[in-house]
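# Structural characterization, general
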Amino acid sequence: LLLLCYTEEAAVIVSGLKNTDVFVGESATFTCELSYPGVKNVQWWLDGSPLHNNFVTEISEQDGMIHTLTLNDVACHDSGTVTFRAGSLISSAKLLVKGIFRKS
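Criteria and thresholds
Residues numbered from 1 in each chain as written. Predicted model: local features only at pLDDT ≥ 70, side-chain atom pairs only at ≥ 80, totals over all residues. Heavy atoms only, no water. UniProt positions renumbered as here; feature names shortened; annotations may be inferred. Pairing = 2+ DSSP bridges. Helix = DSSP H or I, 4+ residues; strand = E, 2+ residues; numbered from the N terminus. Axes fitted to C-alpha atoms, helices over the stretch in contact; angles between N-to-C directions. Core = buried A, V, L, I, M, F, W, Y, C linked by side-chain atoms within 4.5 Å. Buried < 20%, exposed > 50% of the residue type's maximum accessible area, 1.4 Å probe, protein only. Contact = heavy atoms within 4.5 Å.

Going by the annotation in an unreviewed UniProt entry, the name recorded for the protein is OBSCN protein, with Smutsornis africanus given as the source organism. Here is the UniProt Subcellular location (unreviewed entry) comment for the protein, exactly as written: "Cytoplasm".

Structure follows, in structure tokens:
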């Protein structure tokens, strides 16, 4: 009988965050995939500030392994570093929000 016991320490980041460029008013989505479900203390940050689920910030999780952050209706001041932390695992990527310049 082989009993597999996955501990939080055994989890690794399978696919980390990717740098993302979007225009003002668009949505930016970041995804991080872990090797095992059940890692505790999952948190998203933007430039060092913790993010929470609300109408602008959508935080979701699929199968306990695929963690997704969607920032809706982004503005130029949202540009910065997005960080995903799960236990001792960390992944970061840059968000660049580009303005739309119209010729008058």
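## Some remarks on the sheet that holds strand S3 (residues 28–34)
Ordered in space as S1-S3-S7-S6, the four strands form an open sheet in which the pairing is antiparallel. Strands with a single pairing partner mark the edges of an open sheet, and in this sheet they are strand S1 (13–15) and strand S6 (57–62). Between one strand axis and the next, the sheet turns through 25° on average, direction left out of account. Relative to strand S7 (residues 66–71), S3 runs antiparallel, the two sharing six bridges. Bridge pairing in S7 links Thr29 to Thr70.

## Description of the nonpolar core
In this structure, Leu17, Phe30, Trp44, Val82 and Leu95 are the most contacted members of the largest nonpolar core, which totals 21 residues. With sequence-adjacent residues up to four places away left out, Leu17 is seen in contact with Phe30, Thr31, Cys32, Trp44, Val82, Thr83, Phe84, Ser91, Ser92 and Ala93.

## A word on the environment of Cys76
Position of Cys76 relative to the elements: it lies in the loop between S7 and strand S8 (80–86). Assessed through its relative accessible area of 45%, Cys76 is described here as partly exposed. As a C-alpha pair, Cys76 and Gly99 span 23 residues in sequence and 6.7 Å in three-dimensional space. Those residues within four positions of Cys76 in sequence are excluded, and the remaining contacts are Val24, Val97 and Gly99.

## Remarks on the pairing of strand S9 (residues 89–98)
The side chains of a regular strand alternate between the sheet's two faces. With burial as the criterion, only one face of S9 is covered, namely that bearing Leu89, Ser91, Ala93, Leu95 and Val97; the residues Ile90, Ser92, Lys94, Leu96 and Lys98 on the opposite face remain uncovered. Across four bridges, the pairing between strand S2 (residues 20–23) and S9 is parallel. Paired with Val22 across the bridge in S9 is Val97. Pairing of S8 with S9 involves seven bridges; the strand directions are antiparallel. The partner of Phe84 across the bridge, within S9, is Ser91.

## With respect to the sheet that holds S9
Pairing within the open sheet is mixed, and its five strands lie in the order S2-S9-S8-S4-S5. Two strands lie at the open edges of the sheet, namely S2 and strand S5 (49–50), each paired on one side alone.

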